[in-house]
Amino acid sequence: MRPFGESPPPGPFRREFWRSPLRGPRLTALLGLALLVAVPIIAVTGFLSNAAYYPRLGGNATGRTLGPLDVYLFSFPRSPSWVYALTQGLHVTIGLGAFPILLAKLWSVVPRLFVWPPFATATEALERVSLALLVGGALFEFVTGILNIQYAYLFHFFFTPAHYYGAWVFTAAFLCHVALKLPTMRRALATRRELSAQESSLVAVAPATATMSRRTLLGTVGAGSLLLMLQGAGQAVGGPLRRLAFLAPRDHVGAGPNGFAVNRTAAAAAITPQQVGERWRLVVSAGGRTRTFSRRQLLSLPLHSYDLPIACVEGWSTTQRWAGVRLRDLATIVRAPSGATMTAHSLATNGVFDGATLAPGQVDDDRTLLALMVNGVPLSLDHGFPARVIGPGLPGVHCTKWVARLEFEGA
Ligand SMILES: Nc1nc2c(c(=O)[nH]1)N[C@H]1C(S)=C(S)[C@@H](COP(=O)(O)O)O[C@H]1N2
Ligand SMILES: [Mo]
């Protein structure tokens with residue numbers, strides 16, 4: 001069977017089309033090595049993030065039904081309380097830093113994507129498909145991830161499952177690719193000699209004059225990567241380092257003790273002063289039992305305070321001192337069964353994260369609070385007044401603001 005003609009069509013399928021003298025196995029291998037370090041960190045922290053979100057609990061699945069790939073063999077840890085800020089900070093920071101390297105790597109091998117004939121044997125066809133999954137998967141993961149940082153859940157129901165299942169495709173294709181290419185990479189890194197166009201299909205057959213050196217190219221990619229990582233780290237670590245986050249999409253809103261980053265403002269959530277005024281009540285329920293609290297009644301319960309981060313999936317984080325009632329204490333008041341989950345419902349109803357379910361371990365943790373105060377003053381409306389959920393190791397999406405109702409459900 002010969003589905004393709006012997007000679008390639010004019011254009012990118014001809015080797016002479018690709019003229020940069022910078023391309024070569026060594027450049028590709030160096031960029032590949034950098035990705036070989038970065039991608040496993042990004043992948044592992046990404047899968048951890050999915051586990052941290054507990055999508056197996058109904059209230060967290062953002063509308064999707066769980067599939068066979070939703071395997072969770074462990075509960076996400078809660079100590080240290082910044083564990084999720086760390087894993088997700090790494091995911092986003094290293095992901096941002098890896099993006100220029102990925103683009104440079106794709107550029108360095110782009111002639112390979114246009115080989116002629118596209119495939120001659122079934123094995124070659126299979127290899128092309130795996131390459132398409134690798135390149136497509138990588139671009140899809142990076143582009144959706146980066147867009148999500150800027151447009152927090154722009155895709156709403158789409159982002160979480162798409163980024164998650166895309167990650168499986170990308171990870172599988174990446175593992176195959178590494179297994180196939182590791183020897184080539186090692187060989188290329190071991191040989192100092194420039195290879196000829198006959199020896200490597202990455203080398204141009206009719207090279208143009210160089211407009212920059214390979215060193216300049218690597219330096220530029222490295223500097224871009226470093227800059228993105230510094231800005232990512234500024235967001236992830238917060239505090240004074242936040243100044244580094246020159247692309248930070250989350251601004252400070254408010255001043256004084258409430259002057260720290262806000263993802264979703266009260267205005268965006270369409271919270272009205274009447275909803276959170278004197279007539280606001282918290283409804284706590286377990287089984288058929290229901291108790292109602294005013295904010296004053298909540299403030300008269302034992303209050304506890306802890307330094308805890310809000311750590312968003314978008315990679316930014318901010319640690320503040322929160323004070324409020326332990327969820328555990330509220331569970332006791334309504335006689336929730338031990339091992340109960342807790343679902344928070346917000347006054348806001350126009351967002352994707354106007355509620356979330358916490359797992360039993362998170363509910364029982366001393367440090368998981370229905371926060372009423374922050375840094376010694378009442379929460380500002382933008383930070384979730386009258387009450388918000390906060391706890392150790394929780395992804396930001398679990399820290400429901402403007403809470404109206406807490407529902408404990410038996411084990
Ligand atoms: N009611 C409500 N609470 C919410 C959200 C929301 O959209 N609605 N967003 C969550 C997300 S994704 C994060 S990261 C944190 C951010 O807290 P902040 O908006 O105070 O910065 O709030 C969480 N609480
Ligand atoms: Mo978030």
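Quick caveat: nothing in here was measured; it's all calculated off a predicted structure.

Quick word on the pattern of salt bridges
Evaluation of the coordinates by the stated rule reveals seven salt bridges. A salt bridge links Arg-78 to Asp-365; its shortest N-O distance comes to 2.8 Å. Here Arg-78, found in the loop between helix H1 (25-52) and helix H2 (83-109), pairs with Asp-365, found in the loop between helix H9 (360-364) and strand E9 (369-374); they are 287 residues apart in sequence, far enough to count as distant. A salt bridge links Asp-366 to Arg-328; the nearest nitrogen and oxygen atoms lie 2.5 Å apart.

A word on the environment of Gln-235
Position of Gln-235 relative to the elements: it lies in helix H5 (residues 214-237). Looking at Gln-235, the relative accessible area reads 3%, which means it is buried.

Brief notes about the layout of surface pockets
Over the atoms rolls a probe the size of a water molecule, and its path tells where empty space is left. As a volume, the largest pocket reaches approximately 1,000 Å³. Together, 40 residues line the largest pocket, and Lys-105, Val-109, Arg-112, His-177 and Lys-181 are the ones closest to its centre. Every element with two or more residues in the lining of the largest pocket is listed here: H1, H2, helix H3 (122-150) and helix H4 (159-190). For the lining of the largest pocket, the element with the most residues is H4, which contributes 10 residues. Counted by class, the lining of the largest pocket contains 25 nonpolar, seven polar and eight charged residues.

So, the pairing of strand E5 (residues 304-311)
Pairing of E5 with strand E6 (residues 317-326) involves eight bridges; the strand directions are antiparallel. Following the sheet pairing, Tyr-306 is matched in E6 by Trp-322. Taken together, E5 and the strand that follows it, E6, pair antiparallel across an intervening segment of five residues, in which Gly-315 is found at a positive phi of about 100 degrees.

Things to note about H3
The first and last C-alpha atoms of H3 sit 42 Å apart over 29 residues, in line with the 42 Å expected at 1.5 Å per residue. By the burial criterion, the buried members of H3 are Ala-125, Leu-131, Leu-134, Val-135, Gly-137, Ala-138, Glu-141, Phe-142, Thr-144, Gly-145, Asn-148 and Ile-149. Of the surrounding secondary structure, the elements contacted by the buried residues of H3 are H1, H2 and H4.

Considering the site of ligand 1
Among the 18 residues in the neighbourhood of ligand 1, the closest are listed as Asn-263, Arg-264, Asp-354, Cys-399 and Lys-401. Contact distances for ligand 1 include 2.8 Å between an oxygen atom and a backbone N or O atom of Asn-263. Backbone polar atom of Arg-264 to an oxygen atom of ligand 1: 3.1 Å apart, as the coordinates give it. In the complex, 98% of the free accessible area of ligand 1, which totals 530 Å², lies under the protein chains.

Some remarks on the sheet that holds strand E4 (residues 289-293)
Strand order in this open sheet of five strands is E4-E3-E12-E7-E8, and the pairing throughout is mixed. Among the strands making up the open sheet, the edge pair consists of E4 and strand E8 (355-358). Going from strand to strand, the sheet's axes swing by 15 degrees on average, the running direction of each strand aside. Two elements, strand E7 (residues 341-346) and E8, share four bridges in a ladder whose sense is antiparallel. Each residue of the ladder has a partner; that of Ala-344, found in E8, is Ala-356.

Considerations on the packing of aromatic side chains
Counted according to the given criterion, the structure contains 13 aromatic pairs. With 5.5 Å between their ring centres and 80 degrees between their planes, Phe-13 and Phe-114 make a pair best called edge-to-face. Pair noted here: Phe-13 is in the segment before H1 and Phe-114 is in the loop between H2 and H3, with a separation of 101 residues, a long-range link. Here the aromatic rings of Phe-13 and Trp-116 are separated by 5.1 Å at their centres, their planes lie at 75 degrees, and the arrangement is edge-to-face. Placement of the pair is Phe-13 in the segment before H1 and Trp-116 in the loop between H2 and H3, with a sequence separation of 103 residues. Overall, the relative accessible area of 27% leaves Phe-13 in the partly exposed class. Taken together, the ring pairs in this structure connect Phe-13, Phe-17, Trp-18, Phe-114 and Trp-116 into an aromatic cluster. When the ring centre of Trp-107 is taken as origin, the NZ or CZ atom of Arg-23, which lies over that ring, is 4.1 Å away.

Regarding empty space enclosed by the protein
For the coordinates displayed, the defined rule picks out three cavities of 30 Å³ or more. Estimates place the volume of the largest cavity at around 610 Å³. Along the wall of the largest cavity there are 31 residues; nearest its centre are Gly-46, His-91, Glu-141, Phe-159 and His-163. For the lining of the largest cavity, the secondary structure elements donating two or more residues are H1, H2, H3 and H4. When the residues that make up the lining of the largest cavity are grouped by side-chain class, the tally is 18 nonpolar, 11 polar and two charged. Forming the walls of the second largest cavity are Glu-127, Ser-130, Leu-131, Leu-134, Ala-173, His-177, Leu-180 and Lys-181. Mapped by element, the contributors of at least two residues to the lining of the second largest cavity are H3 and H4.

Overview of the nonpolar core
Counting residues in hydrophobic clusters, the biggest one holds 50 residues, and the most contacted among them are Trp-322, Leu-330, Leu-370, Leu-406 and Phe-408. Here the element with the most residues in this core is E9; it accounts for six residues. When sequence neighbours within four positions are dropped, the list of residues in contact with Leu-330 reads Val-284, Phe-293, Leu-298, Leu-301, Val-325, Leu-370, Leu-406 and Phe-408. Within the second largest apolar cluster, 24 residues are counted, among which are Leu-31, Val-39, Leu-106 and Leu-217.

Criteria and thresholds
Residues numbered from 1 in each chain as written. Chains lettered and ligands numbered in written order. Predicted model: local features only at pLDDT ≥ 70, side-chain atom pairs only at ≥ 80, totals over all residues. Heavy atoms only, no water. Salt bridge = Lys/Arg side-chain N within 4 Å of Asp/Glu carboxyl O. Helix = DSSP H or I, 4+ residues; strand = E, 2+ residues; numbered from the N terminus. Buried < 20%, exposed > 50% of the residue type's maximum accessible area, 1.4 Å probe, protein only. 1 Å grid on protein atoms, 1.4 Å probe; cavity = no way out; pocket = protein on both sides within 12 Å on 5 of 7 lines; lining within 4 Å. Points joined across faces, edges and corners; volume = space filled by probe spheres on them. Nonpolar A, V, L, I, M, F, W, Y, C, P; charged D, E, K, R; others polar. Pairing = 2+ DSSP bridges. Expected span 1.5 Å × (residues − 1). Contact = heavy atoms within 4.5 Å. Near = heavy atom within 4 Å. Polar contact = N/O pair within 3.5 Å; in protein donor to acceptor, adjacent residues only side chain to side chain. Areas by Shrake-Rupley, 256 points an atom, 1.4 Å probe, with all protein chains shown as cover. Axes fitted to C-alpha atoms, helices over the stretch in contact; angles between N-to-C directions. Phe/Tyr/Trp six-rings, centres within 6.5 Å; stacked < 30°, edge-to-face > 60°. Lys NZ or Arg CZ within 6 Å of the ring centre and 35° of its normal. Core = buried A, V, L, I, M, F, W, Y, C linked by side-chain atoms within 4.5 Å.

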